[in-house]
Amino acid sequence: MDQAAYEGICPGSFDRILAKADDAISHRVELLGSGRVMLGRDIDWHTDFKTGFGWPVRYFRDIEYNNPERQSDVKVPWELSRLQWLIPVGQAYLLTGEERYAVAVGSIIEHWIDSNPYACSVNWACTMEVALRILTWTWFFHVFAKAESWAADGFREKFLRSLFLHVEFTEQHIERSDVNGNHFTADAAGLVFGGLFFGQGHLANHWQQLGWEILSEEIKRQVYEDGVDFEASVPYHRLVTELFYLPALYRERLGLSINAPYQQRLEAMGKFTAAYTKPNGLAPLWGDADDARALPFGYQDINDHRYLIGIIGVHFKNTTLLETFSGSKEEIFWLFGGDVNSSFPLNAGVKGGASTAFKQGGFYVLRNANDHVFVDCGPIGLSGRGGHGHNDCLSFEAVLNGVPLISDCGAYVYTASYEDRNAFRSTAYHNTPQIDGEEINRFIRPDYLWNLHYDALPYVETWSVHDDHAVFIGQHAGYHKLASSVTPRRTIALDFKLHAILIRDEFIGQGTHDISIPLHLTPDVDLLEVNECRVRLGDKSKRFDLYWPTDAGYQFSIEDGQLSRSYGVIQKIKKMRWKRENSVLRPLSVFLAPEGVSDDFEKRLFGWLPDMRS
């Protein structure tokens, strides 16, 4: 592989890959917020190295891997055993041809096989983990097939036998349910990869056909026509897009076709990715996130999903996606080779995108080139079961004039802390009104970490986009369960000219209630000045005024909050909160605008929203 061509397409990536490869062959990893960790000469595949708790080597069904009384996290050995952290070693081999890289990966895989007997460790306890290893190991074999160490009969036989058993295990223990999610999709992707890898035999054909039939049906069930994955999580939208896309690519490389509806759904997923991508190239921290990838070939920020736009655009020659693509081309290079630059128009990345409603998925994006407001007014996720969705109906993130100001809080961890897991998916951790301290969707039980009651049925009253502004008005039924029912009604208006937004909350109902309305600031925004009914915010270059009417009747406070940009990583942030206690229902209008434009913004708003004064 031409190193110069690679550096021309991905400047700086060659040295980064070699450094990551050297870390990997030294058994030095950084996974799930662990920081850089030395695993030692003999890797312990069954232990959460963050806490020291391990699981026994026994039949997988006899292993209890959810331990609420401990802070152990089974995702650590699972992530370690996916072996995706070895992918830079394969890339280094392709770029340099050095045999030592092939030897290192082969040695680690052989040690994994010896340490994890078939169906007898925690790394067999979830079929999705087995399936994801199929994807990684298949790629490794194609990379190292001609390497001297991989041609040795003893190693090759052991590797192929274990890979075959992985595919067999996936079919036998496929994670089928009445409502299937990303686990089932990953299992099917593993079957396609395994079947295609093993060729034309009866069993191989059966695997790839079964996996493809599942994917072809599930893409229609799990992905709305507007391209939104039904699990109500932006990070899982990324993972599921990869799981549906990569088997299709593998099929086409071997001369098999994909049908037009499948292609159309993938292109729609790419368009949703383009819409939710903020001006800084990052995705909203929406819903669950565990940093999961199918085959990670690039080293961009974990929240940079733009490569999906490029991959799908290049594959299907979709000019709309190609024109909106910006960012690193690493992932595209490793899938399509060295001439990827020719696939992109000269004006790629110039378009900022238009305001778009994804009505089936329930997401509304108010935007221009420098402003981006991402609003949730959709179903809770997994067909109303909860899944990877949070209590975030009517919540939003906001970027104004290129500055990320308001953020979701992310997800942080899963089983490592039931308390933190439930806190980060709670109403209070989202930018949406909370009434009487109740969840908008009730928790079923503290240990039901992926289930919620579906109370907050959403309703969009208004969606309108104009030359100089866009308006969203929505409500939900999450508080109809109260003894005195209340319907929150939220208006969000974005002024394209002034880079300003209005957030107006009204409450339809009777009686007295406690009202709490939080807004969580991004970590990079400072509170510069706080006065009565006015707060000055800013980053290093720009300042904004956040203000509300002096007669609003709400108590205002600035409090400590938490935000997680990736799994296992937490940051301290500031959140602003408006509250009324045991009071009659009153509306609140909050304005957020660049310094010095507040009067112009309000005048323009009164023209768009004539009932705003009421």
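What comes next is a walk through the structure.

Conventions adopted
Residues numbered from 1 in each chain as written. Predicted model: local features only at pLDDT ≥ 70, side-chain atom pairs only at ≥ 80, totals over all residues. Heavy atoms only, no water. Helix = DSSP H or I, 4+ residues; strand = E, 2+ residues; numbered from the N terminus. Rg over C-alpha atoms; globule rule 2.2 N^0.38 Å. Buried < 20%, exposed > 50% of the residue type's maximum accessible area, 1.4 Å probe, protein only. Contact = heavy atoms within 4.5 Å. Lys, Arg positive; Asp, Glu negative; His and termini not counted. Charge placed at Lys NZ, Arg CZ, Asp CG, Glu CD. Core = buried A, V, L, I, M, F, W, Y, C linked by side-chain atoms within 4.5 Å. Expected span 1.5 Å × (residues − 1). Phe/Tyr/Trp six-rings, centres within 6.5 Å; stacked < 30°, edge-to-face > 60°. Lys NZ or Arg CZ within 6 Å of the ring centre and 35° of its normal. 1 Å grid on protein atoms, 1.4 Å probe; cavity = no way out; pocket = protein on both sides within 12 Å on 5 of 7 lines; lining within 4 Å. Points joined across faces, edges and corners; volume = space filled by probe spheres on them. Nonpolar A, V, L, I, M, F, W, Y, C, P; charged D, E, K, R; others polar. Salt bridge = Lys/Arg side-chain N within 4 Å of Asp/Glu carboxyl O. Disulfide = S-S within 2.5 Å. Axes fitted to C-alpha atoms, helices over the stretch in contact; angles between N-to-C directions. Parallel < 35°, antiparallel > 145°, perpendicular 65-115°, else oblique. Left-handed = near helix turned anticlockwise from the far one by under 90°.

### Here's the deal with the overall build of the chain
In terms of helices and strands, the chain carries 17 helices and 21 strands. Relative to the compact-globule value of 25 Å for 614 residues, the chain shows a C-alpha radius of gyration of 25 Å, a close match. For the C-alpha atoms alone, the extent of the chain along its principal axes is close to 80 × 55 × 45 Å. A buried classification covers 61% of the 614 residues belonging to the chain. Partitioning the contacts of the chain with sequence separation of at least 6, the portion at a separation of at least 24 is 68%. Counting 59 positive and 80 negative side-chain charges, the chain places the averaged centre of each group 2 Å from the other.

### Here we look at the nonpolar core
Core analysis: the biggest nonpolar cluster contains 120 residues, and W85, F140 and W150 have the highest contact counts within it. It is helix α6 (residues 127-144) that contributes the most residues to this core, 11 residues altogether. Setting aside chain neighbours within four positions, we find W150 in contact with A102, V105, G106, I109, F140, F141, F144, F155, R156 and F159. In this structure, L405, A456, F472 and L592 belong to the second largest nonpolar core, which totals 46 residues.

### Things to note about helix α2 (residues 13-25)
With 13 residues, α2 extends 18 Å between its outermost C-alpha atoms, agreeing within 8% with the 18 Å of an ideal straight helix rising 1.5 Å per residue. Three or more residues of α2 are buried, namely S13, F14, I17, L18, A21, D23 and A24. Tucked into the core, α2 has its buried residues touching α1 (3-9), β1 (28-29), α4 (87-96), α5 (99-115) and α15 (330-336). Phi turns positive, to about 65°, at H27, one or two residues after α2.

### Things to note about the packing of aromatic side chains
Applying the stated criterion to the full structure yields 48 aromatic pairs. Ring geometry for F53 against W55: centres 5.0 Å apart, planes inclined by 90°, an arrangement best described as edge-to-face. Among the residues examined, W55 registers a relative accessible area of 6% and is labelled buried. With a centroid separation of 5.5 Å and an interplanar angle of 80°, the aromatic rings of F164 and F198 are classed as edge-to-face. Remark: F198 occurs in helix α9 (residues 182-198) and F164 occurs in helix α8 (residues 153-172); sequence separation between them is 34 residues. The ring of Y567 is capped by K75, whose NZ or CZ atom sits 5.7 Å from the centre of that ring. When the ring centre of Y554 is taken as reference, the NZ or CZ atom of R580 above it lies at 5.6 Å.

### Let's talk about the environment of A416
Of note, A416 is situated in the loop between β9 (403-406) and α16 (418-424). What makes A416 buried here is its relative accessible area of 13%. As a C-alpha pair, A416 and E69 span 347 residues in sequence and 9.5 Å in three-dimensional space. For A416, the contacting residues outside a window of four places in its chain are R70, Q71, S72 and D73.

### Quick word on empty space enclosed by the protein
Counting across every chain of the model gives 4 cavities of 30 Å³ or more. Space inside the largest cavity adds up to approximately 80 Å³. For the largest cavity, the full set of lining residues is T241, E242, Y245, L246, R293, L295, F297, Y307, L308, I311, E331 and L335. Every element with two or more residues in the lining of the largest cavity is listed here: α11 (234-253), α13 (306-316) and α15. At 4 residues, the largest contribution of residues to the lining of the largest cavity is made by α11. Class assignment of the residues belonging to the lining of the largest cavity gives a composition of 8 nonpolar, 1 polar and 3 charged.

### Regarding the pattern of salt bridges
Taken as a whole, this structure holds 38 salt bridges when the rule is applied. Note that E217 is salt-bridged to R221, the shortest N-O span being 4.0 Å. You can see E217 and its partner R221 sitting in helix α10 (residues 202-222), 4 residues apart, about one turn around the helix. Between E506 and R504 there is a salt bridge, with its nearest N and O atoms 3.9 Å apart. Residue E506 is classed as buried on the basis of its relative accessible area, which comes to 17%. Using a relative accessible area of 7% as the deciding quantity, one classes R504 as buried.

### Details of unusual backbone geometry
Unusually for a residue other than glycine, H27 sits at a positive phi of about 65°. Structurally, H27 can be placed in the loop between α2 and β1. Given the relative accessible area of 14%, H27 is considered buried. Even without glycine at this site, N401 takes up a positive phi of about 50°. Inspection of the secondary structure puts N401 in the loop between β8 (396-400) and β9.

### Details of the state of the cysteines
What the rule picks out here adds up to 0 disulfides. With no disulfide of its own, C377 lies 4.5 Å from the sulfur of C393, the closest cysteine sulfur. The class of C393 is buried, set by a relative accessible area of 4%.

### Thoughts on the packing of α10 against helix α12 (residues 260-276)
The N-to-C vectors of α10 and α12 enclose an angle of 55°; their axes lie 10 Å apart at closest approach. Relative to α12, α10 is oriented oblique. Judged by the sense of rotation from one axis to the other, the crossing of α10 with α12 is left-handed. Contact with α10, carried on its side by W212, L215, S216, I219 and K220, involves Y262, R265 and L266 of α12 and no other residues of that element.

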